[in-house]
Amino acid sequence: MDPSQIREKIGRFRILVIGRANAGKTTILQRVCNTRENPEIYNSAGNKVGITMLIDDTVLKASRERGLHNIENEMVFQSNPGFIFHDSRGFEAGGESEFNIVKTFIADRSKEARLTNQLHAIW
Ligand SMILES: Nc1nc2c(ncn2[C@@H]2O[C@H](COP(=O)(O)OP(=O)(O)OP(=O)(O)O)[C@@H](O)[C@H]2O)c(=O)[nH]1
Ligand SMILES: [Mg+2]
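An account of the accompanying structure is given in this report. All values derive from a computational prediction rather than experimental measurement.

**Concerning the side chain of Ser88**
Then, in step 1: Relative to the assigned elements, Ser88 resides in strand 4 (residues 83–88).
Then, in step 2: Classification of Ser88 by relative accessible area gives buried; the value is 2%.
Then, in step 3: For Ser88, the contacting residues outside a window of four places in its chain are Leu16, Val17, Ile18, Gly19, Lys25, Ile71 and Val102.

**Structural notes on the site of ligand 1**
Then, in step 1: In the region of ligand 1, nine residues are neighbours, and Asn22, Gly24, Lys25, Thr26 and Thr27 sit closest.
Then, in step 2: Here an oxygen atom of ligand 1 and a backbone polar atom of Gly24 are 3.0 Å apart.
Then, in step 3: In the model, an oxygen atom of ligand 1 is placed 2.5 Å from a nitrogen or oxygen of the Thr27 side chain.
Then, in step 4: In isolation ligand 1 has 650 Å² of accessible area, and contact with the protein removes 45% of it.
Then, in step 5: Here the residues of the shell around ligand 1 sort into two nonpolar, five polar and two charged.

**Side note on the packing of aromatic side chains**
Then, in step 1: Going through the model one piece at a time under the given rule, you end up with three aromatic pairs.
Then, in step 2: With 6.1 Å between their ring centres and 75 degrees between their planes, Phe13 and Phe83 make a pair best called edge-to-face. With Phe13 in strand 1 (residues 13–18) and Phe83 in strand 4, the pair connects residues that are 70 residues apart, well separated along the chain.
Then, in step 3: The class of Phe13 is partly exposed, set by a relative accessible area of 24%.

**Focus: the nonpolar core**
Then, in step 1: By size, the foremost hydrophobic cluster in this structure holds eight residues: Ile15, Val17, Leu29, Cys33, Ile41, Met75, Phe77 and Phe85.
Then, in step 2: Dropping the residues within four chain positions of it, Leu29 is found in contact with Val17, Met75, Phe77, Phe85 and Trp123.
Then, in step 3: Grouped together as the second largest cluster of nonpolar side chains are five residues, Leu16, Ile71, Val102 and Phe105 included.

**Comments concerning the pairing of strand 4**
Working note: regular strand, side chains alternate between the two faces of the sheet.
Then, in step 1: The buried fraction of strand 4 amounts to five of the six residues, a majority that puts the element mostly inside the structure.
Then, in step 2: For strand 1 and strand 4, the ladder comprises six bridges, and the chain directions are parallel. Across the sheet, Ile18 pairs through a bridge with Ser88, a residue of strand 4.

**Observations regarding the environment of Glu37**
Then, in step 1: Note on placement: Glu37 falls in the loop between helix 2 (25–32) and strand 2 (40–42).
Then, in step 2: Take Glu37: its relative accessible area is 24%, and that puts it in the partly exposed class.
Then, in step 3: The residues touching Glu37, leaving out its near neighbours within four places in the chain, are Gln30, Phe77, Gln78 and Ser79.
Then, in step 4: In terms of polar contacts, Glu37 uses its side chain to reach the side chain of Ser79, at 2.6 Å.

**Observations regarding the pairing of strand 1**
Then, in step 1: In terms of strand pairing, strand 1 meets strand 5 (residues 121–122) through two bridges, oriented parallel. Bridging from a neighbouring strand, Leu16 pairs with Ile122 of strand 5.

Cut-off values and rules
Residues numbered from 1 in each chain as written. Chains lettered and ligands numbered in written order. Predicted model: local features only at pLDDT ≥ 70, side-chain atom pairs only at ≥ 80, totals over all residues. Heavy atoms only, no water. Helix = DSSP H or I, 4+ residues; strand = E, 2+ residues; numbered from the N terminus. Buried < 20%, exposed > 50% of the residue type's maximum accessible area, 1.4 Å probe, protein only. Contact = heavy atoms within 4.5 Å. Near = heavy atom within 4 Å. Polar contact = N/O pair within 3.5 Å; in protein donor to acceptor, adjacent residues only side chain to side chain. Areas by Shrake-Rupley, 256 points an atom, 1.4 Å probe, with all protein chains shown as cover. Nonpolar A, V, L, I, M, F, W, Y, C, P; charged D, E, K, R; others polar. Phe/Tyr/Trp six-rings, centres within 6.5 Å; stacked < 30°, edge-to-face > 60°. Core = buried A, V, L, I, M, F, W, Y, C linked by side-chain atoms within 4.5 Å. Pairing = 2+ DSSP bridges.

Okay, here's the thing in structure tokens:
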């Protein structure tokens, strides 16, 4: 199949990024997408995550951390909407449970019937 046809079939290219906390994952994605903007983050229901943190900082600081690092969340740079990034916190934070979250996510996505919902690359 022609690459452009594959691209059309996939819709948006979905990439799982694995790396240690503070390793520079977001920075490298900005470079790849040739932007300095922060990504928009959507939960699996398609709703934007993190907007309310501007309203109540104290309550939402913890949930923001959790929210931003939920592997199911989709990170999208407005300048490059053709790419969806899933951010893993890496395996160092919680040891086995962190590893299992990533493993389960990869396994589940590999069973997705629709090509657009599958992972197309793991970086
Ligand atoms: N010196 C140096 N600093 C970098 C480099 N890449 C990123 N940083 C800095 O490292 C810090 C963390 O970068 P992020 O891109 O936020 O790292 P991250 O992996 O997305 O972090 P989390 O999402 O919190 O896990 C920021 O202050 C960046 O400016 C690099 O190549 N060299
Ligand atoms: Mg990051």
